[in-house]
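# Reading the structure
The residues making up each chain are set out below.
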Amino acid sequence: MWATTWGDEANEVVGPRIGLPVLPVLPWPDDDPGEGAGPRGLHWKTRPILARAAGAPFVWVDDEIGDVDRQWVAASHPGPFLLHRPDPAAGLTDADFEAIGAWVQRSVA
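Summary of the structure given here. (Residues numbered from 1 in each chain as written. Predicted model: local features only at pLDDT ≥ 70, side-chain atom pairs only at ≥ 80, totals over all residues. Heavy atoms only, no water.)

## Overview of helix 1 (residues 9-17)
An α-helical turn contains 3.6 residues, so a residue and the one three or four places further along point in the same direction. Defined as follows: Only protein chains enter the area calculation, which uses a 1.4 Å probe; residues under 20% of their type maximum are buried, those over 50% are exposed, and those in between are partly exposed. In this description a helix means any DSSP run of H or I spanning at least four residues, a strand means any run of E spanning at least two, and both kinds are numbered starting from the N terminus. Note that the arc is defined by the directions from the helix axis to the C-beta atoms.
For helix 1, the full list of buried residues reads Ala-10, Asn-11 and Gly-15. Burial along helix 1 is one-sided: seen end-on, the buried residues are contained in an arc of 80°. In helix 1, those exposed residues whose orientation departs by more than 90 degrees from the buried face are Glu-12, Pro-16 and Arg-17. Of the residues one or two after helix 1, Gly-19 is the one with positive phi, at around 75°.

## Some details on the environment of Pro-78
Relative to the elements of secondary structure, Pro-78 occurs in the loop between helix 3 (67-76) and strand 2 (81-84). Pro-78 gets classed as exposed once you look at its relative accessible area, which sits at 75%. In this structure, the C-alpha to C-alpha distance between Pro-78 and Lys-45, residues 33 residues apart in sequence, is 18 Å.

## A word on the pairing of strand 2
Each regular strand carries side chains that alternate between the two faces of the sheet. The criterion, for reference: Two strands qualify as a pair provided DSSP detects at least 2 bridges between them. Handedness is read with the strands pointing away from the viewer; a crossover is right-handed when the path from the first strand over the helix to the second is clockwise.
Relative to strand 2, strand 1 (residues 58-61) runs parallel, the two sharing four bridges. Its bridge partner being in strand 2, Val-59 is matched across the sheet by Leu-82. In terms of handedness, the path from strand 1 via helix 3 over to strand 2 forms a crossover that is right-handed.

## Looking at the packing of aromatic side chains
What describes a pair of aromatic rings is the distance from one ring centre to the other and the angle between the planes of the rings. Here is the rule: Centre distance within 6.5 Å is the pairing criterion for rings of Phe, Tyr and Trp, where only the six-membered ring of Trp is used; planes under 30 degrees apart are then read as stacked, over 60 as edge-to-face, and the remainder as tilted.
In total, this model carries two aromatic pairs according to the counting rule given. Between Trp-28 and Trp-44, the aromatic rings sit 4.9 Å apart at their centres with planes inclined by 70°, giving edge-to-face as the arrangement. Here the residue Trp-28 occupies a position in the loop between helix 1 and helix 2 (46-53), and Trp-44 occupies one in the loop between helix 1 and helix 2, the gap between them amounting to 16 residues. With a relative accessible area of 18%, Trp-28 lands in the buried category. Taking relative accessible area as the criterion, Trp-44 reaches 47% and is therefore assigned partly exposed. Residues Phe-58 and Phe-81 carry aromatic rings whose centres are separated by 6.2 Å and whose planes lie at 25° to one another, so their mutual orientation is stacked. Linking Phe-58 in strand 1 with Phe-81 in strand 2, this pair joins segments that are 23 residues apart in sequence.

## Details of unusual backbone geometry
In this structure, Ala-54 takes a positive phi of about 50° despite not being glycine. Looking at where Ala-54 falls in the secondary structure, it is placed in the loop between helix 2 and strand 1.

So this is what it looks like as structure tokens:
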């Protein structure tokens, strides 16, 4: 599943370049959750991603993942997860794909 602001364009532009099939796209909430939606520094994507994962294993790849997101997910998600932050200056590299693939093999397979 894509969890990106690219929306459906991720299937047209990104997916083919990295060998992914067409995937569903996570819809984002239309409104700002406002106060009490989480601690300061929690990425706005974190809560919707966890809600969609619903305890299932997942990998989230995003160059904006921070320590607050890692702490929130660790405290809130009962299943296996990987929060992978690629270097925003380099984009996704072979090393990123290797790390993600290794995690999937260990954790989900």
